[in-house]
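# Understanding the architecture of this molecule
One-letter residues, chain by chain:
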Amino acid sequence: MPAARWLLWCALAALPACSDSSSPASPSVEKVSGVWMGHITLRSASGGECVGSTLQASIGNRDIFAAQIQQADRNLTATVGYQGNQTSCSFIGLASGTGVNLNMMSCQADRVRSVRCANGEVRDLQLVADTMTAAASNGYGTGTETSTWRVAAPGSATASGTLTISADFAWNM
């Protein structure tokens, strides 16, 4: 058999092995249902009138949280509570591979009252938005959280500022 014909025959013979006509496997989704405990570390605080600048001294400080997650296929619902500021909120989100994305929907406890600023002024905070993005694999992972808080003088209905807080966390089931 001539060399060119032999190469063509070899190429054609290998084609069926290379062209699998079955549908691609759907990506696996990590199972994350359960209670996740985490240590969260303040990375940045900005805005919020005097509160943001006061929190600068706390960058690097840690808090503890618990996230109770329920999973149906890729869909997630969660309740996340923090020990330090005693907030507790409901989240919805998605699991994708080993990634978890959660967005705050509502809170059972969303206020931190009587925060004393470095200048002596007192402010009340209300959590208005929160997003958690994390990895979760074999019961462990790391992630980030960004939250937005309404800042007001105690008893005031008028916001005096908006505080944005970013943090990093490590969690395990």
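Scroll up for the structure.
Residues numbered from 1 in each chain as written. Predicted model: local features only at pLDDT ≥ 70, side-chain atom pairs only at ≥ 80, totals over all residues. Heavy atoms only, no water.

### Examining the state of the cysteines
Note the threshold: To count as a disulfide, a pair of cysteine sulfur atoms needs to be within 2.5 Å. Strands here mean DSSP runs of E at least two residues long; helices mean DSSP runs of H or I at least four residues long; both are numbered from the N terminus. Partly exposed residues are those whose accessible area sits between 20% and 50% of the maximum for their type, while under 20% is buried and over 50% is exposed, using a 1.4 Å probe and protein chains only.
Counted under the stated rule, the structure contains two disulfides. One disulfide in the model links Cys50 with Cys117; its S-S distance is 2.0 Å. Taking the sign of the S-S torsion, 60° for the link of Cys50 and Cys117, the bridge is right-handed. Here Cys50 is found in helix H2 (residues 50-55), whereas its partner Cys117 is found in the loop between strand E6 (111-116) and strand E7 (122-135), with 67 residues between them in sequence. By the burial criterion, Cys50 is buried, and Cys117 matches it. Note that Cys89 is cross-linked by a disulfide to Cys107, the S-S spacing being 2.0 Å. Measuring the twist about the S-S bond at about 90°, one finds the Cys89-Cys107 disulfide to be right-handed. Of this pair, Cys89 sits in strand E4 (residues 88-96) while Cys107 sits in strand E5 (residues 99-109), placing them 18 residues apart in sequence. The class of Cys89 is buried, set by a relative accessible area of 2%. Residue classification places Cys107 among the partly exposed residues on the basis of a relative accessible area of 22%. Take the cysteines of the chain that form disulfides and number them in order along the sequence; they join up as 1-4, 2-3.

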